[in-house]
Amino acid sequence: MTHTTTTAQHLTAIDLLLGRDFPDEPVRSAMVQSGPGFHVAQLRGDEQLWDADPADVEETAQEYRAELEGLISALCLRWGEPEVLDLVGHLERVAMGMPVRPPLDVLCGQVPRVHAWRAEGRWIAVGLGEGGPEMPVFQLLAAVGRADAVR
């Protein structure tokens, strides 16, 4: 299950998101969901392994976790230690029909937690969605929002 995406490629994608203006209306492409004040990009993902051998699922999970750790380390070199934000409470609020501020409303349905920094006048976060044992779907996400996206 070896993959060719590198930390350098992820950093380039994050830099592109940082330089991108936020749209006035929600916009979605294959890899990026944007809206007023945010962008959420899939850096790698949607590997669905429902019928895979459990050993292959675990190998893929380890690959994704290592890729996330490498990206976090690189971003720490840029911006220092991150804030770790648990998104479970935000997901519960969304499920109850309560408002959740973007991009947390998008992220909470895809990743359980993010590592986040405030830099360059923006809020930057990365996280890993792994699905569950009966539905292993992996995705590595990055988000960029206004600096006040998370208080």
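Summary of the structure given here. (Residues numbered from 1 in each chain as written. Predicted model: local features only at pLDDT ≥ 70, side-chain atom pairs only at ≥ 80, totals over all residues. Heavy atoms only, no water.)

Concerning the layout of surface pockets
Okay, step 1: By volume, the largest pocket amounts to about 180 Å³.
Okay, step 2: Considering the residues around the largest pocket, the lining is formed by Arg65, Leu68, Glu69, Pro112, Arg113, His115, Val126, Gly127, Leu128 and Glu130.
Okay, step 3: Of all elements in the fold, only α2 (54–79), β5 (113–119) and β6 (122–129) reach the threshold of two or more residues within the lining of the largest pocket.
Okay, step 4: Residues of the lining of the largest pocket, tallied by class, amount to four nonpolar, two polar and four charged. (1 Å grid on protein atoms, 1.4 Å probe; cavity = no way out; pocket = protein on both sides within 12 Å on 5 of 7 lines; lining within 4 Å. Points joined across faces, edges and corners; volume = space filled by probe spheres on them. Helix = DSSP H or I, 4+ residues; strand = E, 2+ residues; numbered from the N terminus. Nonpolar A, V, L, I, M, F, W, Y, C, P; charged D, E, K, R; others polar.)

A few points about the nonpolar core
Okay, step 1: One finds Ile14, Leu71, Leu75, Trp79, Trp117, Ile124 and Val126 to be the most contacted residues of the largest nonpolar core, which totals 27 residues.
Okay, step 2: Elements that contribute at least two residues to this core include exactly α1 (7–19), β3 (38–48), α2, β5, β6 and β7 (137–146).
Okay, step 3: At 10 residues, α2 tops the list of elements feeding residues into this core.
Okay, step 4: Ignoring anything within four residues of it in the chain, the contact list for valine 126 reads Ile14, Leu68, Leu71, Ile72, Leu75, Arg113, Val114, His115, Trp117, Leu141 and Ala142. (Core = buried A, V, L, I, M, F, W, Y, C linked by side-chain atoms within 4.5 Å. Buried < 20%, exposed > 50% of the residue type's maximum accessible area, 1.4 Å probe, protein only. Contact = heavy atoms within 4.5 Å.)

Considering the side chain of glutamine 42
Okay, step 1: Within the fold, glutamine 42 resides in strand β3.
Okay, step 2: A relative accessible area of 14% means that glutamine 42 is categorised as buried.
Okay, step 3: Setting aside chain neighbours within four positions, we find glutamine 42 in contact with Met31, Gln139, Leu140 and Leu141.

Observations regarding the environment of proline 112
Okay, step 1: Note that proline 112 resides in the loop between α4 (104–107) and β5.
Okay, step 2: Note on proline 112: relative accessible area 35%, which makes it partly exposed.
Okay, step 3: A sequence separation of 17 residues divides proline 112 from glycine 129, and the C-alpha atoms of the two residues are 6.9 Å apart.
Okay, step 4: Setting aside anything within four residues of it in sequence, one finds proline 112 in contact with Leu85, Asp86, Leu87, Val88 and Leu128.

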